[in-house]
Amino acid sequence: TWYSDSTDAASVQHAVASGNEFPAAYTEVPAIMTVASNKSGYYSFRATLSGLQKETTYVYRLVNGTTVSAPYTFKTTGTGAFSFLLAGDPQIGASGNVSNDTNGWGVTLKNAASAFPNAAFLISAGDQVNTANNEAQYDGYLEHAELYNMTTATVVGNHDSSNAAYSEHFNNPNVSAYGKTNAGSDYWYVYNNVLFMNLNSNN
């Protein structure tokens, strides 16, 4: 997912990483755009990549019309035993100082990525932000290099629950009709034969 102030056709381009240049041959996945987003003048885009190979490093970039982002990478993991990271209540803005909270969250992400480089993904167990409609707080949560290449699974916390900004920033799979609030609903996924159920307990 990403925000853009353009309504031009958007997509994600991705390929198996090779060398220092973005590969000439890549897969392009069209993105879906919301009518409008929580951020005035911007639109929320989402795309789902599929058919990825295990234990492979991919390079990707975001496209809106003629605007193309810098390339970023992510790595898929294999099968068998795995570990994941769990963060509770990053809650950017809770201290009253968004900048301090953003820096603290950044240090947490850097230390986690450094200490556990083979973690398969990050679960953020609710309250990504302190105020559900505050885009500066979402920037503080999202704008970290570690998150550009780290798979994340977020949960709707009570501080996220009252606004659609949450679902405009996170593209969750298998969303249920149950547990629905303005932010979204329950959802689930299976990773290496383990079922993860994420409950929006605000409903």
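Calculation criteria
Residues numbered from 1 in each chain as written. Predicted model: local features only at pLDDT ≥ 70, side-chain atom pairs only at ≥ 80, totals over all residues. Heavy atoms only, no water. Helix = DSSP H or I, 4+ residues; strand = E, 2+ residues; numbered from the N terminus. Rg over C-alpha atoms; globule rule 2.2 N^0.38 Å. Buried < 20%, exposed > 50% of the residue type's maximum accessible area, 1.4 Å probe, protein only. Polar contact = N/O pair within 3.5 Å; in protein donor to acceptor, adjacent residues only side chain to side chain. Pairing = 2+ DSSP bridges. Axes fitted to C-alpha atoms, helices over the stretch in contact; angles between N-to-C directions. Expected span 1.5 Å × (residues − 1). Contact = heavy atoms within 4.5 Å. Patch = residues over 30% accessible without salt bridge, like charges linked within 9 Å, V, L, I, M, F, W, Y side chains within 5 Å. Areas by Shrake-Rupley, 256 points an atom, 1.4 Å probe, with all protein chains shown as cover. Salt bridge = Lys/Arg side-chain N within 4 Å of Asp/Glu carboxyl O. Core = buried A, V, L, I, M, F, W, Y, C linked by side-chain atoms within 4.5 Å.

Visitor: Could you give an account of the overall build of the protein chain, with specific residues and numbers?
Guide: The helix and strand tally for the protein chain stands at four helices and 13 strands. The C-alpha radius of gyration computed for the protein chain amounts to 17 Å, which stays within 12% of the reference 17 Å derived for 203 residues, consistent with globular compactness. Its C-alpha atoms give the protein chain principal-axis dimensions of roughly 45 × 40 × 35 Å. Burial analysis of the protein chain (203 residues in total) assigns 42% to the buried set.

Visitor: So what's going on with the side chain of S6? Which residues, and what values?
Guide: Examined against the element boundaries, S6 turns out to sit in the loop between β1 (2-4) and β2 (10-16). Here the side chain of S6 touches D8 through a polar contact of 3.0 Å, landing on its backbone nitrogen.

Visitor: Let's hear about the sheet that holds strand β10 (residues 122-124): which residues, and what values?
Guide: In space, the three strands of this open sheet follow the order β9-β10-β11, with parallel pairing throughout. In the strand order of this sheet, the two ends are held by β9 (85-87) and β11 (152-154), each with one partner. The sheet shows a mean angle of 15 degrees between the axes of neighbouring strands, direction not considered. Bridge analysis of β10 against β11 gives three bridges, and the strand direction is parallel. Within β11, the residue paired with L122 across the bridge is T152.

Visitor: Got a sec to walk through helix α1 (residues 98-115)? Specific residues and values, please.
Guide: Helix length check: α1, at 18 residues, gives a terminal C-alpha distance of 25 Å against a target of 26 Å (1.5 Å per residue), a fit within 8%. On the buried face of α1, the contacting elements are β9, β10, α2 (135-142) and α3 (145-148). Capping of α1 at its N-terminal end is provided by N97; its side-chain oxygen lies 3.1 Å from the backbone amide nitrogen of S99.

Visitor: An account of the sheet that holds strand β5 (residues 43-46) is needed here, citing residue identities and associated values.
Guide: The strands that make up a sheet pair up through hydrogen bonds in the backbone, lying either parallel or antiparallel. With respect to topology, three strands assemble into an open sheet ordered β1-β5-β4, the strand pairing being antiparallel. Both outer strands of the open sheet, β1 and β4 (32-33), are each paired with one neighbouring strand and no more. Inspection of the sheet shows β4 paired to β5 by two bridges, in the antiparallel sense. Bridge pairing in β5 links I32 to R46.

Visitor: Go over α2 with me, naming the residues and quoting the values.
Guide: Taken as a whole, α2 has its buried residues at E135, Q137, Y138, G140 and Y141. Packing partners of the buried residues in α2 comprise β1, α1, β10, α3, β11 and α4 (165-169). Among the residues of α2, the N-terminal cap falls to N134, whose side-chain oxygen and the backbone nitrogen of A136 are separated by 3.0 Å.

Visitor: An account of the environment of N193 is needed here, citing residue identities and associated values.
Guide: Relative to the helices and strands, N193 is located in the loop between β12 (187-191) and β13 (194-198). Expressed as a C-alpha distance, the spacing of N193 and D160, which sit 33 residues apart in the sequence, is 29 Å.

Visitor: Requested: an account of a nonpolar patch on the surface, with residues and values cited.
Guide: Judged by side-chain polarity, W188, V190, L195, M197 and L199 come together as a nonpolar surface patch covering roughly 550 Å² of accessible area. Of all elements in the fold, only β12 and β13 reach the threshold of two or more residues within the nonpolar patch. Positionally, V190 belongs in strand β12.

Visitor: Would you mind going over the nonpolar core in detail, with residue names and values included?
Guide: Formed by 26 residues in total, the largest nonpolar core has its most connected members in W105, F121, L122, L147, Y166 and Y189. Listed by contribution, the elements that provide at least two residues to this core are β9, α1, β10, α2, α4 and β12. Apart from the residues lying within four places of it in its own chain, the contact partners of F121 are F82, S83, F84, L85, T151, Y189, Y191 and F196. By size, the runner-up hydrophobic cluster in this structure holds 10 residues, among which are W2, A10, Y60 and F74.

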